[in-house]
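# Results of the structural survey
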Amino acid sequence: MENQELKVLTKLAEAYTDYDASIIEPFLADDVHYASMWVFQELTSKSEYIDYLKGKLATMKAHHAVFDFEIVPGRMHKNALLASRDNPVGGCGFVVDFDENNKVKMINMTAPAFF
């Protein structure tokens, strides 16, 4: 599972760096959930998340928003994807959980304290 976790986190960083949601799409379960400390409502499907991510990445690209990413060890997850510490939110990142088919069932965007 660890190799899949590293692969998915690397692909998520690539999606944000290239402003391309299709990079992460093959790794997602159809019923993937996405939760963020900065998004009011949890997203509950692959299509809903991909639509959200496409819009977010288009906005980031239009504003020339660039993040540096780093895979870091977590306390609650083996690995986490840390976005650059000097970003507007003051540091954030992603952790992922997998279903029995090794597809991403949950993506959490959260503060590093919750990795």
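It should be noted that the structure appears before, not after, this text.
In short, a report on the structure. Within every chain, residues take consecutive numbers counted from 1 along the sequence as written. pLDDT decides what is reported in this predicted model: residues at 70 or higher carry local features, side-chain atom pairs at 80 or more are listed and counted, and totals for whole chains, interfaces and linings draw on all residues regardless. In computing side-chain values, all of the structure's heavy atoms are included and hydrogens and water are not.

Here we take up the pattern of salt bridges. Should their charged atoms come close, side chains of opposite charge can pair. For this analysis, a salt bridge means a side-chain nitrogen from Lys or Arg found within 4 Å of a carboxyl oxygen belonging to Asp or Glu. Applying the stated criterion to the full structure yields 1 salt bridge. Ionic pairing is found between Glu 14 and Lys 11, a salt bridge with its closest N-O pair at 3.4 Å. One end of the pair, Glu 14, and the other, Lys 11, are both in helix H1 (residues 2–18), 3 residues apart, so they sit about a helical turn from each other. Judged by relative accessible area, which is 26%, Lys 11 ranks as partly exposed. Helix and strand definitions here come from DSSP, where helices need a minimum of 4 consecutive H or I residues and strands a minimum of 2 consecutive E residues; each element is numbered from the N-terminal end. Relative accessible area decides the class of each residue, using a 1.4 Å probe on protein chains only: under 20% of the type maximum gives buried, over 50% gives exposed, and in between gives partly exposed.

Take the sheet that holds strand E4 (residues 93–98) next. Reading across the sheet, the 5 strands line up as E1-E5-E4-E3-E2 and stay open at both edges, with mixed pairing between neighbours. Edge positions in the sheet fall to strand E1 (28–36) and strand E2 (69–73), since each has one partner strand and no second. This sheet shows a mean twist of 25° between the axes of neighbouring strands, independent of strand direction. Paired strands, in this sense, are two strands between which DSSP finds at least two bridges. Sheet topology places E4 next to strand E5 (residues 104–110); 6 bridges connect them, and they run antiparallel. Its bridge partner being in E5, Gly 93 is matched across the sheet by Thr 110. Taken strand by strand, helix H2 (residues 46–62) contacts E1 and E5, and its axis lies near 55° from that of E1. For helices, the fitted line uses only the C-alpha atoms of the stretch in contact; every axis is such a line through C-alpha atoms, and the angle between N-to-C directions lies from 0 to 180 degrees. Contact definition: two residues touch when any of their heavy atoms are within 4.5 Å.

We now examine the environment of Phe 98. Tracing the sequence through the fold places Phe 98 in strand E4. Note: C-alpha distance between Phe 98 and Ala 65 (33 residues apart in sequence) is 29 Å.

Another aspect to go through is unusual backbone geometry. Not every positive phi belongs to a glycine, and Tyr 19 is a case in point at roughly 55°. Judged by its relative accessible area of 24%, Tyr 19 falls in the partly exposed class. With a phi angle near 65°, Asn 102 is a residue other than glycine that sits in the positive phi range. With respect to the helices, strands and loops of the structure, Asn 102 is situated in the loop between E4 and E5.

With that settled, the discussion passes to the environment of Gly 93. Within the element layout of this structure, Gly 93 appears in strand E4. Once the C-alpha coordinates of Gly 93 and Ser 36 are considered, the two residues, 57 residues apart in sequence, prove to be 9.7 Å apart. Other than its neighbours up to four places away in sequence, Gly 93 contacts Leu 81, Leu 82, Ala 83, Asn 108, Met 109, Thr 110 and Phe 115.

Only Phe, Tyr and Trp rings are paired, with Trp represented by its six-membered ring, and only when their centres lie within 6.5 Å; those with planes under 30 degrees apart are stacked, over 60 edge-to-face, the remainder tilted. Counted by the stated rule, this structure contains 6 aromatic pairs. Aromatic side chains Tyr 34 and Tyr 49 sit 5.0 Å apart centroid to centroid with 40° between the ring planes, which places their arrangement in the tilted category. Here Tyr 49 lies in helix H2 and Tyr 34 lies in strand E1, a separation of 15 residues in the sequence. No difference in accessibility class separates Tyr 34 from Tyr 49, as the two residues are buried. Seen in terms of ring centroids, Tyr 49 and Tyr 52 are 6.5 Å apart; in terms of plane orientation they differ by 35°. Their pairing is tilted. One end of the pair is Tyr 49 and the other is Tyr 52, both in helix H2 and 3 residues apart, which spans about a single turn. Within the aromatic cluster, the residues linked to one another by ring pairs are Tyr 16, Phe 67, Phe 69 and Phe 94.

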